[in-house]
Amino acid sequence: MAITLDIQLPHYPRGFHLITRDIVSHLPELPENGLLVVFIKHTSAGITINENADPDVRKDFQTFFNKLVPDGAPYFIHTLEGPDDMSAHIKASLIGSSVTIPIKNHKLNLGTWQGIYLCEFRDGGDSRKLSISIL
């Protein structure tokens, strides 16, 4: 049996943000075993799993992605929504739009140093919507 729910995150500024607690706080009791799928319903933000302890990791992610795909590059054609729009779409595709996490003993079976990141690639990004499926 699958359960699906949608949650809306608060607004986060551009950057990489730990949202594990945001997600867990909206979940019903989890099954003993299963899978949790988190899908972000946007094309200019992504979701991934990485280091949850040292905030410098998130800063380094931000620096790397901004150098890899600079805003306002002269070769971008899609510029109607500003200089950070096309770069945000590319970064979101590189990161991805979903993560799958095992459930074990009614809890997310993340590693000790793992957390779920919202990767916000727009300067004026709005609040983001997630679709959560529990299998």
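Residues numbered from 1 in each chain as written. Predicted model: local features only at pLDDT ≥ 70, side-chain atom pairs only at ≥ 80, totals over all residues. Heavy atoms only, no water.

Asks: Teacher, can you tell me more about the overall build of the protein chain here?
Replies: Each helix and strand counted, the protein chain has three helices and eight strands in total. For the protein chain, whose C-alpha radius of gyration is 16 Å, the value lies close to the compact-globule estimate of 14 Å for 135 residues. Counting every position in the protein chain, which comprises 135 residues, the buried fraction comes to 44%. Counted over contacts in the protein chain with a minimum sequence separation of 6, partners at least 24 positions apart contribute 82%. Just so you have it, the protein chain exposes about 7,500 Å², and 55% of that area is on carbon and sulfur atoms. Of note, the protein chain has its 12 positive side-chain charges centred 2 Å away from the centre of its 15 negative side-chain charges. (Helix = DSSP H or I, 4+ residues; strand = E, 2+ residues; numbered from the N terminus. Rg over C-alpha atoms; globule rule 2.2 N^0.38 Å. Buried < 20%, exposed > 50% of the residue type's maximum accessible area, 1.4 Å probe, protein only. Contact = heavy atoms within 4.5 Å. Areas by Shrake-Rupley, 256 points an atom, 1.4 Å probe, with all protein chains shown as cover. Lys, Arg positive; Asp, Glu negative; His and termini not counted. Charge placed at Lys NZ, Arg CZ, Asp CG, Glu CD.)

Asks: How do you make sense of the sheet that holds strand S5 (residues 98-104) when you look at a structure like this?
Replies: Backbone hydrogen bonds hold the strands of a sheet together, and the pairing may be parallel or antiparallel. Read across the open sheet, the five strands follow the order S1-S8-S3-S5-S6; overall the sheet is antiparallel. Where the open sheet ends on each side, the last strands, each with one partner, are strand S1 (3-8) and strand S6 (107-108). For strand S3 (residues 33-40) and strand S8 (residues 129-134), the ladder comprises five bridges, and the chain directions are antiparallel. Counterpart to Val 38 in the pairing with S8 is Ile 132. (Pairing = 2+ DSSP bridges.)

Asks: Help me out: how do you make sense of unusual backbone geometry in this one?
Replies: Excluding glycine, a negative phi dihedral is what most residues carry, and trans is how most peptide bonds are arranged. Of note, Asn 105 is a non-glycine position whose phi angle comes to about 55 degrees, a positive value. Following the sequence through the fold, Asn 105 ends up in the loop between S5 and S6. Residue Asn 105 is classed as partly exposed on the basis of its relative accessible area of 48%. Not every positive phi belongs to a glycine, and His 106 is a case in point at roughly 70 degrees. Inspection of the secondary structure assignment puts His 106 in the loop between S5 and S6. You can call His 106 partly exposed: its relative accessible area is 40%.

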